Amino acid sequence: MAENLNLFTSTQEVIHEALNKLGYDEAMYELLKEPIRMLTVRIPVKMDDGTTKVFTGYRAQHNDAVGPTKGGVRFHPMVTEEEMKALSMWMTLKAGIVDLPYGGGKGGVVCDPREMSMGELERLSRGYVRATKSVVGPTKDIPAPDVFTNAQIMAWMMDEYSQMDDFNSPGFITGKPIVLGGSQGRDRATAEGVTIVIGEAAKKRNIDIKGARVVIQGFGNAGSFLAKFMSDLGAKVIGISDAHGALHDPNGLDIDYLLDRRDSFGTVTTLFENTISNTELLELDCDILVPAAIENQITADNAHKIKANIVVEAANGPTTAEATKILTERGILLVPDVLASAGGVTVSYFEWVQNNQGYYWTEEEVREKLYAKMIAAFDNIYTTAQNRNIDMRLAAYMVGVRRTAEASRFRGWV
Ligand code: GLU
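This write-up is about the structure you can find in this document.

### Topic: helix H13 (residues 363–388)
And step 1. The end-to-end C-alpha distance of H13, which contains 26 residues, comes to 37 Å, matching closely the 38 Å that a straight helix rising 1.5 Å per residue would cover.
And step 2. Residues of H13 that are buried include every one of Val-366, Leu-370, Met-374, Ala-377, Phe-378, Ile-381, Tyr-382, Thr-384 and Ala-385, and no others.
And step 3. Residues of H13 that are buried sit in contact with helix H3 (81–97), helix H6 (189–204), strand E12 (333–335), helix H11 (337–340), helix H12 (343–357) and helix H14 (392–410).
And step 4. Taken from the residues just after H13, Asn-389 is the one with a positive phi, measuring 55°.

Structure, rendered in structure tokens:
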């Protein structure tokens, strides 16, 4: 049978299994198997050459029983309605895992920001907010950065929302620049969260981070900060990659140099002649492998060839269900995406809380609170997996979906 590479249906399958294990009936699965709300919009944008281009955008809201929905907006040519649905469900799971008072949401626009000017991006960002105005808001659905969106884009979106509302609404969106109510540490939060769970996983496997050989696929926001954190902790980052290829040095790469040379979309390997492929990168002999790029990278085809002791998913959906099974059977510790990448939304929550209070925390306070949440989440999921003899992905889904299922039950929805 061919492997299921469809993110949406494979997510549904794990949610179904998690709800069964928690003792919920089919009605709960019926409610949670897809978003309660899905908005598709068409956004006309005046391009620099005087023409008008109409972009398609989405906002998916999985479930708001717990609280407002929350999740990023991505600008990418491959954005689809199905992907939005799956990603909004993952946000529900992430919020449940780190215990945030949110449901999951996700948005996106089909576009290629690498080919757009700043002016065009600004008009598109503002257009997205105007088009989705009726479903988003600080107590309804709170957007944030995601693939190829950043603090500047959040600033334009916040300004557009505030202009329509006639007052400043910093809590409408997170991942803002600090001067507009952003939180200390938000830009690094996803990588920081990944670093924390790598530390916890390494302890379980008696691996000393100092000297550990680490391979990171992807050099975007998560991958590049992560490479820096790991090398600062004394790990040897022996491989990194971007969309064009990968670099390998068994003695450890010069991460500061690579960070200096990378462009704002994370491209750096094009500057080198001696590159390897992304496939070869994943199969390198190492202690810790971190897929931090795109989905379906570890599949039934290559799971047998992975040599790492620990795989930590910093990207969304890099390992298929079949590959999860193979890695687990081979004794590889797999830390799933919905846990490993939850640091971003955690600090987004801190940002929203600070906006609501109008009182801002130091970098140290943010870091302390992030550590507490990530470590508690890791322990909870690791223990659930051990006690029930299941893999950490299923354990994470059980922990993640529980809060939303309980809230839906208390509200009398199911
Ligand atoms: N886009 C990030 C994620 O997928 C962050 C979401 C947020 O900060 O709300 O987790």
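Having seen the model, we can carry on.
### Remarks on the site of the ligand
And step 1. Taken together, 13 residues lie around the ligand, and Lys-70, Lys-94, Pro-145, Asp-146 and Ser-348 are the ones closest in.
And step 2. A distance of 2.7 Å is found between a nitrogen atom of the ligand and a side-chain nitrogen or oxygen belonging to Asp-146.
And step 3. Between the ligand and Arg-186 there is a distance of 3.0 Å, counted from an oxygen atom to a side-chain nitrogen or oxygen.
And step 4. When isolated, the ligand has an accessible area of 300 Å², and the protein chains bury 93% of it.

### Section: the packing of aromatic side chains
And step 1. Overall, the coordinates contain nine aromatic pairs when judged by the stated rule.
And step 2. Taken together, a centroid distance of 6.3 Å and an interplanar angle of 35° make the contact between Tyr-349 and Trp-352 tilted. Here the residue Tyr-349 and the residue Trp-352 both occupy positions in helix H12, the gap between them amounting to three residues, near one helical turn. As far as burial versus exposure is concerned, Tyr-349 and Trp-352 are alike and both buried.
And step 3. Their ring planes at 10° and their centres at 5.8 Å tell us that Phe-378 and Tyr-382 sit as a pair that is stacked. Placement of the pair is Phe-378 and Tyr-382 together in helix H13, with a separation of four residues, close to one helical turn. For the pair Phe-378 and Tyr-382, one class covers both residues: buried.
And step 4. A network of ring pairs unites the aromatic residues Tyr-102, Tyr-349, Phe-350, Trp-352 and Trp-361 as a single cluster.
And step 5. The side chain of Lys-369 reaches across the aromatic face of Trp-361, ending 4.5 Å from its centre.
And step 6. Across from the ring centre of Phe-410, 4.9 Å away, lies the NZ or CZ of Arg-409, which sits over that ring.

### What to know about H12
And step 1. The end-to-end C-alpha distance of H12 is 21 Å, a good match for the 21 Å that 15 residues give at a rise of 1.5 Å each.
And step 2. Of the residues flanking the end of H12, it is Gly-358, one or two places downstream, whose phi is positive at about 70°.

### Here's the deal with the pairing of strand E9 (residues 245–248)
And step 1. One ladder, built from four bridges, connects strand E8 (residues 236–242) with E9; its direction is antiparallel. By the bridge assignment, Asp-242 is partnered in E9 with Gly-245.
And step 2. In this structure, the hairpin formed by E8 and E9 is closed by a connection of two residues.

### A short note on the pattern of salt bridges
And step 1. Within the structure shown, the criterion is met by 29 salt bridges.
And step 2. One salt bridge connects Glu-34 with Lys-85, and the closest N-O pair in it is separated by 3.5 Å. With Glu-34 in the loop between helix H2 (26–32) and strand E1 (37–46) and Lys-85 in helix H3, the pair connects residues that are 51 residues apart, well separated along the chain.
And step 3. As a salt-bridge pair, Glu-122 and Arg-126 come within 2.9 Å of each other at their nearest N and O atoms. Taken as a pair, Glu-122 and Arg-126 lie in helix H4 (residues 118–132) at a separation of four residues, close to a single helical turn.
And step 4. The partly exposed category is assigned to Glu-122, whose relative accessible area is 26%.

### Focus on a nonpolar patch on the surface
And step 1. Together, Tyr-257, Leu-271 and Phe-272 give the surface a local cluster of nonpolar side chains, amounting to about 270 Å² of exposed area.
And step 2. Relative to the helices and strands, Tyr-257 resides in helix H8 (residues 255–261).
And step 3. Judged by its relative accessible area of 39%, Tyr-257 falls in the partly exposed class.

### Details of the packing of H6 against helix H7 (residues 221–232)
And step 1. The contact between H6 and H7 brings their axes to 8 Å, and the two run at 50°. With respect to H7, the element H6 is oriented oblique. Considering only the axes of H6 and H7, their crossing is right-handed. Along the contact surface, H6 presents Thr-190, Ala-191, Glu-192, Val-194, Thr-195 and Ile-198, while H7 presents Ala-222, Phe-225, Leu-226, Phe-229 and Met-230.
And step 2. The residue makeup of the contact of H6 with H7, split by class, is eight nonpolar, two polar and one charged.

Criteria and cut-off values
Along every chain, residues carry numbers that run from 1 in the direction the sequence is written. Reporting of local features is limited, given that this is a predicted model, to residues whose pLDDT is at least 70; pairs of side-chain atoms are given and counted only at 80 or more, and all residues count toward the totals for whole chains, interfaces and linings. Based on all heavy atoms of the structure, the side-chain values leave hydrogens and waters out of the count. Only DSSP runs of H or I reaching four residues or more are called helices, and only runs of E reaching two or more are called strands; each is numbered from the N terminus. The span expected for a helix works out to 1.5 Å for each residue beyond the first. Exposure categories follow from relative accessible area, calculated using a 1.4 Å probe and restricted to protein chains: below 20% of the type maximum is buried, above 50% is exposed, and the middle band is partly exposed. Contacts are assigned to residue pairs with any non-hydrogen atoms lying within 4.5 Å of each other. Proximity is defined per residue: any heavy atom of the residue falling within 4 Å of a molecule or strand makes that residue near it. Two N or O atoms count as a polar contact when they lie within 3.5 Å, although within protein this holds only if one can serve as hydrogen donor and the other as acceptor, and sequence-adjacent residues are included solely when both atoms are side-chain atoms. Calculation of accessible area relied on Shrake-Rupley with a 1.4 Å probe; when residues are assessed, cover is drawn exclusively from the protein chains displayed. Classification of ring pairs uses Phe, Tyr and Trp, with its six-membered ring standing for Trp, and accepts pairs whose centres are within 6.5 Å; under 30 degrees between planes counts as stacked, over 60 as edge-to-face, and the remaining range as tilted. By definition, being over a ring means that NZ of Lys or CZ of Arg is both within 6 Å of the ring centre and within 35 degrees of the ring normal. For two strands to count as paired, DSSP must find a minimum of two bridges between them. For salt bridges, the criterion is a side-chain nitrogen of Lys or Arg within 4 Å of an Asp or Glu carboxyl oxygen. Residues enter patches when their relative accessible area tops 30% and they take part in no salt bridge; the joining distance is 9 Å for like charges and 5 Å for the nonpolar side chains Val, Leu, Ile, Met, Phe, Trp and Tyr. To obtain each axis, a line is fitted to C-alpha atoms, and for helices this fit is confined to the stretch in contact; angles are then taken between N-to-C directions over 0 to 180 degrees. Comment on the angle field: the value is read as roughly parallel under 35 degrees, roughly antiparallel over 145, roughly perpendicular from 65 to 115, and oblique elsewhere. Note on convention: near helix rotated counterclockwise from far helix by under a right angle means a left-handed crossing. Clockwise means right-handed. Gly falls in the polar group here, along with every residue not listed as nonpolar (Ala, Val, Leu, Ile, Met, Phe, Trp, Tyr, Cys, Pro) or charged (Asp, Glu, Lys, Arg).

Don't take any of this as a statement about function, it's just geometry.
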